[in-house]
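Each chain, letter by letter, is given below.
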Amino acid sequence: MMTACTDNDSFSNSAGNRLTFSEDTVRFDTLFSIVPSSTQTFWVHNESSDGIRIVTARLERSNQSGYRVNVDGTYLDPVGSDFEVRKGDSLLVFVEVTTRENHADEPQLVEDNLIFTLESGVQQRVNLRTYSWDAIRLDSLVVRQDTVIETPRPVVIYGNGIKVEENATLTIRNTTLYFHDGAGITAYGNVVAENSLFRGDRLDRMFDYLPYDHISGQWEGIELYSHNGDNRFFNCEIRNAVDALMCDSTSLYMYNTIVHNASGDGLSARHSDVYVEYCQFSNTYGDCLSFYGCEAIVEHSTLAQFYPFSANRGAALRFANTKLPMLLDCRWTLATGYADDVVMGEVVENADSLFDYHFADCMLRTPAVEDSLRFERVIWETPKDSVQGKQHFVLVDEDNLIYDFALDSISPALQNGIGRIPIPAEPDVNAVGRRALPVGWVQRRHIKR
């Protein structure tokens, strides 16, 4: 018994015995430089008839590439040695990377090879690849005076995010802001954004088919509180936040802007003046667009409530009075979704304030209302229509969470000039001054363009 051995204990240094790998190349998604990656894994298998000894495992570029490797519980520092893989057995390898700055505006390839040298002298390798992107890092930034952020490089926001103090204006132009979990923008001054994207900072994937960028709730969103409000968003996109955009007691103008995929509300406005045109509000757990005690104008916009993660989703459009009047004028706008009724007007009891609204040339997924003063030339969408709900749009891929809410050519909304139709190159800067509200409305025009 002392001299007996099993086949699993026999090792060979034959050059014909090779390892196999579950991955020949370990690919990371694009990473921001100096930010650690998540961990990738792969298996090293021995499918030969004898055990194989690995004399060394090392990174070809030693510690110069930023990759960190753990083989079967042993970190390579920078070399590991004397690993055994018995017949039919495997080793698990963990790989991480933190890349250095590239001093370039575009992502740069960072590559290395993990080399296994066998007892036979044979060398086998697994390629490690990622793209590293230099980013500007802002950590709990406080804006105390007028400030402009404009850069071709990504801006990554950490900590408490960005706070804009009273009487200061933060202008964000031609820039992408990536917000870490828990970060957002809180503005007691004003925010002016042009041609910019606001999103979470996860560039990797939850699953092979599902980027984190398709998952809601990645960052906190934008809060606007300026009492002398002049907040403007032109040609922007705000996506995968908690509450994407919230304003209280301020003024907001939005043009050609997309608010998509929030785990809370899309745009929620309270006691504010809001003008929205050629915008899209889509896929929110709360309401896509909601007004409480506001003076609001919505024109040529698409409100699409197809939030995929809960059947208890909010409305496409909600409006209610508070201690202040609720005045809503909605024109050439499409409001649709999964539910049979996605438009909610609510009168608050004992609020003793005006509640008035007007819809013209709209398509609304809500039970028809016989009121020719408040509803003019409205198309009432129902689930029985030949084209309804998600059929209006170019792409609603619920399995892969890919959406394109541009109107499809078969949509009666597009055929009637309703919704976020092809957009003028520039807003009509004189439109607000000429804009006529329904008779009887209080014209508190504070919105600036």
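Cut-offs applied
Residues numbered from 1 in each chain as written. Predicted model: local features only at pLDDT ≥ 70, side-chain atom pairs only at ≥ 80, totals over all residues. Heavy atoms only, no water. Helix = DSSP H or I, 4+ residues; strand = E, 2+ residues; numbered from the N terminus. Buried < 20%, exposed > 50% of the residue type's maximum accessible area, 1.4 Å probe, protein only. Areas by Shrake-Rupley, 256 points an atom, 1.4 Å probe, with all protein chains shown as cover. Lys, Arg positive; Asp, Glu negative; His and termini not counted. Charge placed at Lys NZ, Arg CZ, Asp CG, Glu CD. Salt bridge = Lys/Arg side-chain N within 4 Å of Asp/Glu carboxyl O. Polar contact = N/O pair within 3.5 Å; in protein donor to acceptor, adjacent residues only side chain to side chain. Contact = heavy atoms within 4.5 Å.

S.K.: Just checking my understanding: could you explain the overall build of the protein for this structure?
M.R.: Secondary structure summary: the protein contains 2 helices and 43 strands in total. Its C-alpha atoms give the protein principal-axis dimensions of roughly 100 × 55 × 40 Å. For the protein, the residues scored as buried account for 52% of the 449 residues in total. When the accessible surface of the protein is summed, it comes to about 20300 Å², and 46% of that surface belongs to carbon and sulfur atoms. The averaged location of the 64 negative side-chain charges in the protein is 3 Å from the averaged location of its 38 positive side-chain charges.

S.K.: Is there a simple way to think about unusual backbone geometry in this case?
M.R.: For residues that are not glycine, phi is negative in most cases, and the peptide bond is trans in most cases. With an omega of -10°, the peptide bond running from aspartate 77 to proline 78 counts as cis. Structurally, the position occupied by proline 78 is in the loop between β7 (74-75) and β8 (79-85). Of note in this structure, asparagine 167 is not a glycine but carries a positive phi near 70°. Following the sequence through the fold, asparagine 167 ends up in the loop between β14 (155-164) and β15 (169-173). Residue asparagine 167 is classed as exposed on the basis of its relative accessible area, which comes to 63%. Of note, asparagine 283 is a non-glycine position whose phi angle comes to about 55°, a positive value. Mapped onto the secondary structure, asparagine 283 falls in strand β30 (residues 280-284).

S.K.: Before we go on, may I ask you to explain the pattern of salt bridges in this structure?
M.R.: In a structure, side chains of opposite charge can pair up when their charged atoms sit close to one another. In total, this model carries 25 salt bridges according to the counting rule given. One salt bridge connects arginine 86 with glutamate 84, and the closest N-O pair in it is separated by 3.9 Å. A relative accessible area of 38% means that glutamate 84 is categorised as partly exposed. Look at the salt bridges and you will find they share partners, linking Arg53, Glu84, Arg86 and Glu119 into a network.

S.K.: What should I look at first to understand the side chain of asparagine 46 in this one?
M.R.: Within the fold, asparagine 46 resides in the loop between β4 (40-45) and β5 (52-59). Given a relative accessible area of 1%, asparagine 46 falls into the buried group. Here arginine 86 takes part through its backbone oxygen, which lies 3.3 Å from a polar atom of the side chain of asparagine 46. Excluding its chain neighbours within four sequence positions, the residues that come into contact with asparagine 46 are Arg18, Gly51, Ile52, Val85, Arg86, Lys87, Gly88 and Asp89.

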